[in-house]
Structure formats: C-alpha cells, structure tokens
Amino acid sequence: MKLATYKDGSRDGQLVVVSRDLTTAHYATGIATRMQQLLDDWNFMSPQLEDLFHTLNSGKARHAFPFNPQQCMAPLPRAYQWADGSAYLNHVALVLEARKVEVPANFDQDPLIYQGGSDDFLGPCDPVVCRDAAFGIDFEAELAVITADVPMAATPDEALEGIRLVMIANDVSLRNLVHAELTKGFGFFQSKPATAFSPVAVTLNELGDAWDKGRLHLTMQSTWNGRKVGLCEAGPEMTFHFGQLIAHMCKTRNVRAGTIVGSGTVSNQGVEVNGQKDWPKGYSCIAEKRAIETILDGQPRTEYMQFGDTIRIEMKGLNGESVFGAIEQQVVPLA
C-alpha cells in the first residue's frame, strides 16, 4: 500500500491511504489518524489499511478524493530518530579523492552513519529555507526506510524484517559549513538542515521484484532547474543494504518503531571512454559533481544552489509510473 500524511494544522497531520497510481486518496480515520500510530501497532492496523487500499484502487471507496502532493507533510512528519548512512561508497570515494584524503582501511566493512535532526522534516513540496546562499546549499537524492522495533544485536537479515516502509528523500546539505564542523571531531549539525521526504511511503510488497534483499533496483532521477542531472541506478552499487545499515545501528542499541534510516547519496561509478573517465549516469548531489570536476580539472566549476533554484527528485517503476511521487522544492531565503 501507499501512505501519506496530509496537512491539517497539527504537528503530525492526518494519515491517508493513496492509490497505486497516486491519483486518489482516502483518510485512514477510523483505523489510524497518524503514521506513528500505525507503526506502533502495525500488525493490527496494517491489514485494515491494506483492505482500504484495495478498495481505493478498485474505485469503490465512497469518500475518496483527488490526491494532492502539495497538501502532504513528510509521510512521518517527525520521527523518534533519523539516521542517515552513506551506503554508496563511490560517493564517499569521489569526495575523498577530490580532497586528496586517503580512503580508510575499513571503508567497505563498516558503514558510515550520522544522526540527523528528526523534529522538523519538510513535506515534498515545502521550500528549502536558508539564511544565506553562501552556506553552499546542496540537494542529496536518497532512499530511506521507516522501521518497526529492531532489537539490539540484530543481524542484517533480522534487521530487514523490521523494515515497514520505503521513501525517497532530499537530505539537504550546507556544504560550506561542513568542514568547520567535522574538524571539531564531532560531526554534522548546522550543515544538515531539515530533510524533505516524498509524498508517499510505500510497503515492500508494492515494490515487487525491484526490492531485493534491502536494495531497491530503480533509477533515481534528479532534475535541477528543469535540467535532468542524475539518472543513477540505486540497486547494483549500494555497498551496504538497508539491513546492514540497521544492524550497524543495533550494535549498541535498540531501534524503535518510527526510526527513519537513509541510504546516503545514490551514486554510480564512472566508466572509461576513449581513455578518459566519464560519469554517464550523472549525479545525485552537487558536491559529487564538484568532486568529479576537481579530479578531472583540478578545481570545481559547478556552483551550489542559489535562491530561486528548483530541485525535483523522483523514482519511476518498471511501468514508467512514479512510485513515491516527486519531491519538488524551491530554495528560498529566510523571510
């Protein structure tokens, strides 16, 4: 099934069930009013919502209405935890190479994860608000999952069983604030403002064969100011699948229902063309494009986002239809 949260003036919004083709919706009132309610009592509530989903798709839901992504908050508007990984090691390798920093010895054995802010997510069409364009505003096209309870010491296979929903995300970064934070030895904070999520979150059974053991084999499309800059394959080059990311978190703690885990920037390796490196799939964040330019030419040419810029992030299924709906945002100054 596909689920969204509609704005109603409250912090947590109203849970709605959305049709497979993203054209119609129905309030889940009477079953669950909020996404967190569903996650806390999944085994009881999800079968009822699945029934409503099937009724909606058959055109027989009496109180259905046209689905409007502009009315959406993030599917889970605030979460107990937002932990973002870096599962695509090609992205990390490119950034480190551009900085002339050696790749760590345990690079491909131990996932990178940072703890993000989870109290103030953005809806898919909410603007990216920034105080100063000089902060280096960047989009990051990512996958994300929402979990059930996953116990401490869970294995990757056990962790996969705890995944309830899948989304896409724009994990906004302020690149020019990153260096000063990381050199202090603690990690991201000011450089990671509010993250935006897709209009809908989707259960694994809706993804079919595209979902395979913690990886989603679909193409992440990124369109910056109307120009398609990324068509990155999300499945084959995901070094750490979601089960491994969640199990890494569970090494020292329980993960509770309502935790969101991100994949990090979807990234594909370059290929050799006539003796030169090329990246035909493009990029899912500007920092990676700048890293490629630095590796090839000694310095970056592409500027970060400016006020008025737009970003669209979307994934389409094998049938060509949008799976999660599109994240469509504009960068605006703080009023």
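The following refers to the structure shown.

**Observations regarding the overall build of the chain**
Then step 1. A tally of helices and strands in the chain yields seven helices and 22 strands.
Then step 2. Relative to the globule expectation of 20 Å for 335 residues, the C-alpha radius of gyration of the chain, 19 Å, shows essentially globular dimensions.
Then step 3. Across its three principal directions, the C-alpha atoms of the chain cover 60 × 45 × 40 Å.
Then step 4. Expressed as a percentage of the 335 residues in the chain, the buried residues total 54%.
Then step 5. In the structure as shown, the chain presents an accessible area of about 15,400 Å², 49% of it carried by carbon and sulfur atoms.
Then step 6. If you average the places of the 29 positive and of the 40 negative side-chain charges in the chain, the two averages end up 2 Å apart.

**Things to note about the pairing of strand S9 (residues 141-147)**
Every other side chain in a regular strand lies on the same face of the sheet, so the side chains alternate between the two faces.
Then step 1. Counting buried residues in S9 gives seven out of seven residues, a clear majority hidden from the surface.
Then step 2. Residue alternation in S9 divides its side chains into two sets, Ala141, Leu143, Val145 and Thr147 and Glu142, Ala144 and Ile146, and both sets are buried.
Then step 3. Here seven bridges tie S9 to strand S10 (residues 163-170), and the two strands are oriented antiparallel to one another. In the sheet register, Ala144 faces S10, and the bridge partner there is Met167.
Then step 4. As defined by bridge partners, S9 adjoins strand S18 (residues 259-262) across three bridges and the pair is classed as antiparallel. Note on S18: the bridge partner recorded for Val145 is Val261.

**Quick look at the side chain of Ser118**
Then step 1. With respect to the secondary-structure elements, Ser118 resides in the loop between strand S6 (113-116) and strand S7 (128-130).
Then step 2. Ser118 gets classed as buried once you look at its relative accessible area, which sits at 14%.
Then step 3. Within the structure, Ser118 has its side chain in polar contact with the backbone oxygen of Ala79 (distance 2.8 Å).
Then step 4. Not counting chain neighbours up to four residues away, the residues in contact with Ser118 comprise Arg78, Ala79, Tyr80, Gln81 and Trp82.

**Some details on the nonpolar core**
Then step 1. Judged by nonpolar contacts, the single largest core of 71 residues is most densely connected at Phe67, Ile137, Leu143, Leu216, Phe242, Met315 and Phe324.
Then step 2. At five residues, helix H6 (residues 242-249) tops the list of elements feeding residues into this core.
Then step 3. With 31 residues, the next largest nonpolar core counts Met45, Ala144, Leu165 and Phe197 among its residues.

**Remarks on the side chain of Glu181**
Then step 1. Mapping Glu181 onto the fold places it in helix H5 (residues 178-182).
Then step 2. Put simply, Glu181 is tucked away with no salt bridge, and the nearest opposite charge, on Lys184, sits 6.4 Å away.
Then step 3. Within the local environment of Glu181, its side chain forms a polar contact with the backbone nitrogen of Gln190, the two atoms lying 2.7 Å apart.

**Describing the pattern of salt bridges**
When the charged atoms of two side chains lie near each other, side chains of opposite charge can form a pair.
Then step 1. Across all of its chains, the model carries 13 salt bridges by this definition.
Then step 2. What you see here is one network of salt bridges that share partners, running through Asp138, Glu140, Asp171, Arg175 and Lys192.

**Describing the sheet that holds S7**
Then step 1. Taken in spatial order, the five strands of this open sheet run S7-S22-S21-S16-S17, and their pairing is mixed. The outermost strands of the open sheet, each flanked by one partner alone, are S7 and strand S17 (227-233). Ignoring which end each strand starts from, the neighbouring axes of this sheet average 20 degrees apart.
Then step 2. Examined bridge by bridge, strand S16 (residues 219-224) and S17 share six bridges and lie antiparallel to one another. If you follow Trp224 over to S17, its bridge partner there is Arg227.

**Looking at the packing of aromatic side chains**
Then step 1. Counted by the stated rule, this structure contains ten aromatic pairs.
Then step 2. Aromatic side chains Tyr6 and Phe65 sit 5.7 Å apart centroid to centroid with 55 degrees between the ring planes, which places their arrangement in the tilted category. Of this pair, Tyr6 sits in strand S1 (residues 2-6) while Phe65 is found in strand S4 (residues 65-66), placing the two residues 59 residues apart along the sequence. Per residue, the accessibility class of Tyr6 equals that of Phe65, and both read buried.
Then step 3. Between Trp82 and Phe197 the ring centres are 5.5 Å apart and the planes differ by 85 degrees, which places this aromatic pair in the edge-to-face class. Of this pair, Trp82 sits in strand S5 (residues 81-85) while Phe197 sits in strand S12 (residues 196-197), and the two are 115 residues apart along the sequence. Summarising the burial analysis for this pair, Trp82 and Phe197 share the class buried.
Then step 4. One aromatic cluster is present, formed by Tyr6, Tyr27, Phe65 and Phe67 through successive ring pairs.
Then step 5. Geometry around Phe188 places Lys192 over its ring, the cationic atom sitting 5.3 Å from the centre.

**Considerations on the packing of helix H3 (residues 89-98) against helix H7 (residues 286-297)**
Then step 1. Closest axis-to-axis distance for the H3/H7 pair is 8 Å, and the angle between their directions is 45 degrees. For the element pair H3 / H7, the angle class is oblique. Viewed along their axes, H3 and H7 form a crossing whose handedness is left-handed. Here H3 contributes Asn90, His91, Leu94, Val95, Glu97 and Ala98 to the contact with H7, which in turn contributes Glu288, Ala291, Ile292, Thr294 and Ile295.

Here is what the cut-offs are and how they apply
Residues numbered from 1 in each chain as written. Predicted model: local features only at pLDDT ≥ 70, side-chain atom pairs only at ≥ 80, totals over all residues. Heavy atoms only, no water. Helix = DSSP H or I, 4+ residues; strand = E, 2+ residues; numbered from the N terminus. Rg over C-alpha atoms; globule rule 2.2 N^0.38 Å. Buried < 20%, exposed > 50% of the residue type's maximum accessible area, 1.4 Å probe, protein only. Areas by Shrake-Rupley, 256 points an atom, 1.4 Å probe, with all protein chains shown as cover. Lys, Arg positive; Asp, Glu negative; His and termini not counted. Charge placed at Lys NZ, Arg CZ, Asp CG, Glu CD. Pairing = 2+ DSSP bridges. Polar contact = N/O pair within 3.5 Å; in protein donor to acceptor, adjacent residues only side chain to side chain. Contact = heavy atoms within 4.5 Å. Core = buried A, V, L, I, M, F, W, Y, C linked by side-chain atoms within 4.5 Å. Salt bridge = Lys/Arg side-chain N within 4 Å of Asp/Glu carboxyl O. Axes fitted to C-alpha atoms, helices over the stretch in contact; angles between N-to-C directions. Phe/Tyr/Trp six-rings, centres within 6.5 Å; stacked < 30°, edge-to-face > 60°. Lys NZ or Arg CZ within 6 Å of the ring centre and 35° of its normal. Parallel < 35°, antiparallel > 145°, perpendicular 65-115°, else oblique. Left-handed = near helix turned anticlockwise from the far one by under 90°.

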